[in-house]
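Structural overview
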Amino acid sequence: MTGLATRLFWVFMAVWSIWHFVSQWYAFTYPVERQLYFGWLSWWQVNSIVWYFTAALVFAIYLNKYWKPAKIREEMIKKRKAER
Amino acid sequence: MAEWYTGQGGIILGLIILMSLVVLGITLYVSRKSKKTVQDYVLAGSSLGIFVLYFYGAFTIMSAWTFYGLPGWVYANGQGIIIPWYMFIHLFQVSIVTILGIKLWGAAKYYGYSTPLSLIADRLESQSAQYIFSAVNLIFLAIYLALQPAAIAIGLNVLVGAPLEFGFIYGALLSALIAFIGGMRSVAYTNVFLGAWFLIAFVGTFIIALLNLPNGLTGAAQQILETKPWLFSNPDPFGPAKLTGTDRLAYALGYILSGFSGALWIHLMYVPMTLRSPVAMKWYPTLQLISFPIIFTIVGVTIGTTVGHVLAPNLPRADQVFQYIATQYGGIWWGSFVYIGAFAAAVSTMGTMVVAAASLWSVDIYKCLKKGKCTDKEILWQTRIFLWILVIVSTFFGWLAIVGWKYIGLPAPVPLADFLNFLASPGFALNVVLLIALYWKRATKEATIISFIVGFILLAVGYVYQPFTYMLTGIKGLPALVIALPVELILFFVITYLTKPASDQTIAKFFDQLEKYIYESPDPQVEKI
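Overview of the structure.

About the thresholds
Residues numbered from 1 in each chain as written. Chains lettered and ligands numbered in written order. Predicted model: local features only at pLDDT ≥ 70, side-chain atom pairs only at ≥ 80, totals over all residues. Helix = DSSP H or I, 4+ residues; strand = E, 2+ residues; numbered from the N terminus. Rg over C-alpha atoms; globule rule 2.2 N^0.38 Å. Buried ≥ 20, exposed ≤ 12 C-beta atoms within 10 Å, placed from the backbone. Contact = placed C-beta atoms within 7 Å. Axes fitted to C-alpha atoms, helices over the stretch in contact; angles between N-to-C directions. Parallel < 35°, antiparallel > 145°, perpendicular 65-115°, else oblique. Left-handed = near helix turned anticlockwise from the far one by under 90°. Nonpolar A, V, L, I, M, F, W, Y, C, P; charged D, E, K, R; others polar.

Moving on, we come to the overall build of chain B. From N to C terminus, chain B includes 21 helices and zero strands. Computed over its C-alpha atoms, the radius of gyration of chain B comes to 23 Å, within 12% of the 24 Å expected for a compact globule of 529 residues. Principal-axis analysis of the C-alpha atoms gives chain B an extent of 70 × 55 × 45 Å. Classification of the 529 residues of chain B by burial places 58% in the buried group. Sequence separation of 24 or more characterises 82% of the internal contacts of chain B that already satisfy a separation of 6 or more.

So, in structure tokens, the structure goes:
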């Protein structure tokens, strides 16, 4: 049975994909080329940086805390070390 | 007139030889660990840990396209459309190395599969599927492969006037030699060295460029905003293509769809299969998703748009922008060092692709033709021989597209970025049904094979006869993938429900048992943790 964390992770993946279409649409309908952040970063660059770092955080939390294939193997390593 | 290999040419040639010797030294050292089996040669014996994985994975993805192609593309076309394209690709790439690729890893470890397509063909209970999928993927791999020696050749030609043929031949020779001697293990370990050189050259040039901007980065950005604001827009409504309305939407849609292919580049599907354990996978996405915006979005894109148009305005060939800035503002030595960084980027990507492509022949086609009755030694030699053939064919294709374009009726040389953006990446997107079949029990061989072939035909027609998509839709500039991918997926699901699913035995092997091994109980006999 798929755990809650896994289901939430896939919801995140879906939302993350939709972000692309939404942000494309936003960029189509607003003159984003006129916006600069910190004096030099374009709208698309800032959008990209925020997007990457958020995704990095979610992947880090999910894979390190909840992802079963890694988790069960780490537990095995711990068990073996304790046995020694 | 002095020969190209004097002055800066001599420095570059010296650095190329030095780098080649180091890389070949690593290759020879690492190859001593090889067990001379197909799994060891193609998948590095499924033994890689997180440190090597980062460099191996990231610098398989970051190729000459990142080094020269991306800054060149945004210099010519603006940054809007390319950023969402590679973001999407990177999201799916980290997924294939972890959550989507876990099944590829499990099958390599538990059942001993040495290529993703041999696994998928067995899952579909069809050997003919293996021939078809391998042949199609070989075509697109060869196209993407052609980009790499082309970038090496152009860079060297622009820098010191070396004959294009020299760059083509030397780059191809070195990467083929690394793969020939040590297979995927050598490729992975040499990527650590090549990747480090790439990073120093790429980030170093950015810093040098910033120090040379007359009014700083904010001054440069203001200048672009006043003179060429379309460089910051999406996708270039006032730039060279002047797309508006539906045409612009269709163009963007084509790019987004080809972004899906990030999880489906066939040579990347080998990466999870090379890993020691899922424990090695868990930090990879974070490392990639933190380093890529710095390398792509901050350095590559800023150099191409904001910095490039101030420090190197009106270049005749956009692909030159990065190398031009490095040489002009960093001096001859730095320019040479940076060129070797691009060389390293190309060689590191080529190595993985060469081994993957050669195994598509030896394991997926040759072994099947012999009905499995061949020894590991025979397959290994088939892999080694075929990789040379592939490198020669791809290099010739790259040469035709860049140097001999007139002979094949092209109006101009093919821009470097287009080898991947327009040609190879949409082709890899067709693999989506293969990945679905790996995770969906109901998927059938008839549905997967037919939809894959139809998708390929539609894509090929769109490549060969450009007005094809316009004839069907009435929309200008619509990439063929926008037609091919939805048709492929609809066919796949419809035919799946009209045909019989795989046998219970196959379902048990690839779903119940494999998933139990991956998610519930690792077998200590199989997996030394």
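Having put the structure on the table, let's press on.
Residues and elements named next belong to chain A. Within the element layout of this structure, Met13 appears in helix H1 (residues 4–29). Residue classification places Met13 among the partly exposed residues on the basis of 18 C-beta atoms within 10 Å. Taking the C-alpha atoms as reference points, Met13 and Val58, separated by 45 residues in sequence, lie 9.6 Å from one another.

A word on the packing of helix H5 (residues 82–97) of chain B against helix H13 (residues 284–311) of chain B. All names here are of chain B. Contact geometry of H5 with H13 gives a least axis separation of 10 Å together with a crossing angle of 160°. Classed by the angle they form, the pair H5 and H13 counts as roughly antiparallel. Like other packed secondary-structure pairs, H5 and H13 cross with a definite hand, here right-handed. Counting all contacts with H5, which are made through Ile83, Tyr86, His90, Val94 and Val97, the residues of H13 involved are Tyr284, Pro285, Gln288, Leu289, Phe292, Phe296, Thr297 and Val301. Looking at the contact of H5 with H13, its residues break down into ten nonpolar, three polar and no charged.

Next up on the list: the interface of chain B and chain A. Much of the literature gives interface size as the accessible area that the parts lose upon coming together. Across the boundary between the two partners, chain B contributes 39 residues, which contact 36 residues of chain A. Sorting the residues of the side of chain B that touches chain A by element identifies H5, helix H10 (216–227), helix H11 (245–259), helix H12 (278–281), H13 and helix H21 (504–519) of chain B as the ones contributing at least two each. At nine residues, H13 of chain B tops the list of elements feeding residues into the side of chain B that touches chain A. In the side of chain B that touches chain A, the residues fall into 28 nonpolar, ten polar and one charged.

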